[in-house]
Amino acid sequence: MKQKLLLALAALLLAAAPLFAQNDDKPFAEAFIVLQLSDADPDVQARVISVANNLIKHYGGPDFVDIEIVAFGPGLSLLYPDNPQRERIESLVAADVRFVGCMNTVATIERKTGKKPELIPETIPVQTGVAHLVDRATQGYVVIRP
């Protein structure tokens, strides 16, 4: 009876393995978090940066938490080189926080203004920011909108 239960449990764990997030660059990460940013409000952007810093502190350092900040729509302005949060962003990049930018938003801005917005070089481009959030959620990341 115990052996059947253990085999069933092992099979269940193997089947569920793809649902658990992992990042080979962060083998000791205990939490996998995506922070959603779709707001140009400087206070909201500062809050997202603060939440990322607080998560790093809470988990005991950048090795123990995997964080992405996904910016799309008006939130893409966080990734502009002249954003007042630039120094704080650089600090988070040094702590291995990834900054993801939506290229659909870039294309929309370019169509509307005739000029492609410049983004910080640390930006990881994705075609669709919202789809990236969905993908991360299915990979086991927790999606938070601070």
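Reading the values: the criteria
Residues numbered from 1 in each chain as written. Predicted model: local features only at pLDDT ≥ 70, side-chain atom pairs only at ≥ 80, totals over all residues. Heavy atoms only, no water. Buried < 20%, exposed > 50% of the residue type's maximum accessible area, 1.4 Å probe, protein only. Helix = DSSP H or I, 4+ residues; strand = E, 2+ residues; numbered from the N terminus. Pairing = 2+ DSSP bridges. Right-handed = clockwise from strand over helix to strand, strands pointing away. Axes fitted to C-alpha atoms, helices over the stretch in contact; angles between N-to-C directions. Contact = heavy atoms within 4.5 Å.

A closer look at the pairing of strand β1 (residues 31–37)
Across the seven residues that make up β1, a large majority, seven, are buried. Because side chains alternate across β1, one face comprises the buried residues Ala31, Ile33, Leu35 and Leu37, and the other comprises Phe32, Val34 and Gln36, equally buried. Relative to strand β2 (residues 65–71), β1 runs parallel, the two being bridged by seven bridges. From the neighbouring strand, Leu35 faces β2, where its bridge partner is Ile69. As a crossover connection, the stretch from β1 through helix α2 (residues 42–58) into β2 is right-handed. Where β1 lies against strand β5 (residues 142–144), three bridges are found, and the strand directions are parallel.

Quick notes on the sheet that holds strand β4 (residues 123–126)
Pairing is parallel across the open sheet formed by five strands, whose spatial order is β4-β3-β2-β1-β5. On the outer flanks of this sheet lie β4 and β5, each paired with one strand and no other. The average undirected angle you get between the axes of adjacent strands in this sheet is 30 degrees. Relative to strand β3 (residues 98–102), β2 runs parallel, the two sharing four bridges. Along β3, the bridge assignment pairs Val70 with Val100. Of the strands in this sheet, β1, β2 and β3 touch α2, which is tilted by about 175 degrees from β1. Each of β1, β2, β3, β4 and β5 touches helix α5 (residues 129–138); the most contacted strand, β2, lies at about 155 degrees to it.

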